[in-house]
Amino acid sequence: MSVEPIRRNLVVQRWGTPQTTSGSLNEPREREEHGVEFNEKWVYRLPRVEPDDPRERIVYWRRYDFVASFVVGADGRVTREDPAVLLAGLRSRGYLPSGVGAVRTTD
């Protein structure tokens, strides 16, 4: 069974655009944080209903490739998460230039 790669558009479909980003997919320098190397970091501030709820989600990218996802707990502890479970059921929408994909027939 093949595993569908985690794509940027899936992450945006599930969590929206991040509140904070650092780096970019074109950034030539890689950085390391929480044991992962990346060149772009997306940070989502999470709504907290309960005091113990996580306060942030961090998603790391290396160019277009997903690297890792972490949540930052109320106590500041950073824990790696498996976003495949959180993204399950979403369809990756690929970009099609205008005029591609639509088939027209004439009678």
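Notes on the structure in this doc start here. From a predicted model like this one, the values you see are computed outputs, not experimental measurements.

### Some remarks on the overall build of the protein
Thought 1: Scanning the protein from N- to C-terminus turns up two helices and seven strands.
Thought 2: Burial statistics for the protein: of 107 residues in total, 27% are counted as buried.
Thought 3: Restricting to contacts in the protein with at least 6 residues of sequence separation, those with at least 24 account for 40%.
Thought 4: Roughly 7,700 Å² of accessible area belongs to the protein as shown, and the carbon and sulfur atoms make up 49% of that amount.

### Some details on unusual backbone geometry
Thought 1: The phi dihedral of His34 falls on the positive side, at around 55°, and the residue is not glycine.
Thought 2: Here His34 lies in the loop between strand E2 (31–33) and strand E3 (36–38).

### Considerations on helix H1 (residues 8–15)
Thought 1: Along H1, the residues classified as buried are Arg8, Leu10 and Val11. With its buried residues spanning 160° around the axis, H1 presents them on a single face.
Thought 2: Just beyond H1, the residue with positive phi is Gly16, at close to 80°.

### What about the environment of Arg80?
Thought 1: The topology assignment puts Arg80 in strand E7 (residues 78–80).
Thought 2: Note: C-alpha distance between Arg80 and Arg57 (23 residues apart in sequence) is 9.7 Å.
Thought 3: Residues contacting Arg80, with those up to four places away along its chain left out, are Val36, Val67, Ala68, Ser69 and Phe70.

### Some words on the pairing of strand E6 (residues 65–72)
Both faces of the sheet carry side chains from a regular strand, because those side chains alternate between them.
Thought 1: Two elements, strand E5 (residues 56–62) and E6, share seven bridges in a ladder whose sense is antiparallel. Across the sheet, residue Arg57 finds its bridge partner in E6, namely Val71.
Thought 2: Where E6 meets E7, three bridges bridge the pair, whose relative direction is antiparallel. Across the sheet, Phe70 pairs through a bridge with Arg80, a residue of E7.
Thought 3: Count of turn residues in the E6/E7 antiparallel hairpin: five residues, of which Gly76 carries a positive phi of about 90°.

Reading guide: rules and limits
- Residues numbered from 1 in each chain as written.
- Predicted model: local features only at pLDDT ≥ 70, side-chain atom pairs only at ≥ 80, totals over all residues.
- Heavy atoms only, no water.
- Helix = DSSP H or I, 4+ residues; strand = E, 2+ residues; numbered from the N terminus.
- Buried < 20%, exposed > 50% of the residue type's maximum accessible area, 1.4 Å probe, protein only.
- Contact = heavy atoms within 4.5 Å.
- Areas by Shrake-Rupley, 256 points an atom, 1.4 Å probe, with all protein chains shown as cover.
- Arc of directions from axis to C-beta.
- Pairing = 2+ DSSP bridges.

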